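Each chain is listed here by its residues.
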Amino acid sequence: QVQLVESGGGLVQPGGSLRLSCAASGFTFSSAYIGWFRQAPGKGREGVSCISRRDDNTYYADSVKGRFTISRDNAKNTVYLQMNSLKPEDTAVYYCAAKFLGGSTCRGYDYWGQGTQVTVSS
């Protein structure tokens, strides 16, 4: 059974940093694209950053480009999202997701974790 578990969220001051982790199980991790998405109250789900099977392609939303970095460690079945220079508008529930079909790096995700809360506030 496909399972994705996010961790690393919390409360951080503006300008601070967090590292989110997405631990995967139940499938061949290296066969999957993994994405990070977020949803703030009253807003739709936004693709934040996504990565292809073996780091050959990445996507970053314009709002996080230059501040966030996605990486994957296939040996550990884990994807990370390093978030630096955090802003209040980054506050959201962050989800990781997986897909097995090709296509656009940050489109068409099928399997989702339950999310981890990130709050950026002074």
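Residues numbered from 1 in each chain as written. Predicted model: local features only at pLDDT ≥ 70, side-chain atom pairs only at ≥ 80, totals over all residues. Heavy atoms only, no water.

K.L.:
It is not clear to me how the packing of aromatic side chains should be interpreted in this structure. Could you clarify?
P.N.:
Describing an aromatic ring pair means giving the distance of the ring centres and the angle of the ring planes. By the definition in use, this model includes five aromatic pairs. With a centroid separation of 6.4 Å and 35° between ring planes, the pair formed by Phe-27 and Phe-29 is classed as tilted. For Phe-27, a relative accessible area of 16% corresponds to the buried category. On the basis of relative accessibility, which here comes to 3%, the residue Phe-29 falls in the buried class. Their ring planes at 85° and their centres at 5.2 Å tell us that Phe-27 and Phe-100 sit as a pair that is edge-to-face. A residue pair is termed long-range when its members are at least 10 positions apart, and Phe-27 in the loop between β3 (18-25) and β4 (33-39) and Phe-100 in the loop between β9 (92-99) and β10 (111-112) qualify at 73 residues. Joined through ring pairs, the aromatic side chains of Phe-27, Phe-29, Phe-100 and Tyr-111 make up one cluster. Positioned over the ring face of Trp-112 is Arg-45, at 4.3 Å from the centre of the ring. Its guanidinium or amino end placed over the ring of Tyr-33, Lys-99 lies 5.1 Å from that ring's centre, counting from NZ or CZ. (Phe/Tyr/Trp six-rings, centres within 6.5 Å; stacked < 30°, edge-to-face > 60°. Buried < 20%, exposed > 50% of the residue type's maximum accessible area, 1.4 Å probe, protein only. Helix = DSSP H or I, 4+ residues; strand = E, 2+ residues; numbered from the N terminus. Lys NZ or Arg CZ within 6 Å of the ring centre and 35° of its normal.)

K.L.:
Can you help me understand the state of the cysteines in this one?
P.N.:
Linking two cysteines covalently via their sulfur atoms produces the bond known as a disulfide. Counted by the stated rule, this structure contains two disulfides. Each bonded cysteine in the chain gets a number by its place in the sequence, and the pairs come out as 1-3, 2-4. (Disulfide = S-S within 2.5 Å.)

K.L.:
Could you clarify how one ought to interpret the side chain of Asp-90 in this entry?
P.N.:
As for its position among the elements, Asp-90 is in the loop between β8 (78-83) and β9. Classification of Asp-90 as buried rests on a relative accessible area of 1%. At 2.8 Å, the side chain of Asp-90 forms a polar contact with the side chain of Arg-67. In contact with Asp-90, other than residues within four places in its own chain, are Arg-38, Val-64, Arg-67, Phe-68, Ser-85, Val-118 and Val-120. (Polar contact = N/O pair within 3.5 Å; in protein donor to acceptor, adjacent residues only side chain to side chain. Contact = heavy atoms within 4.5 Å.)

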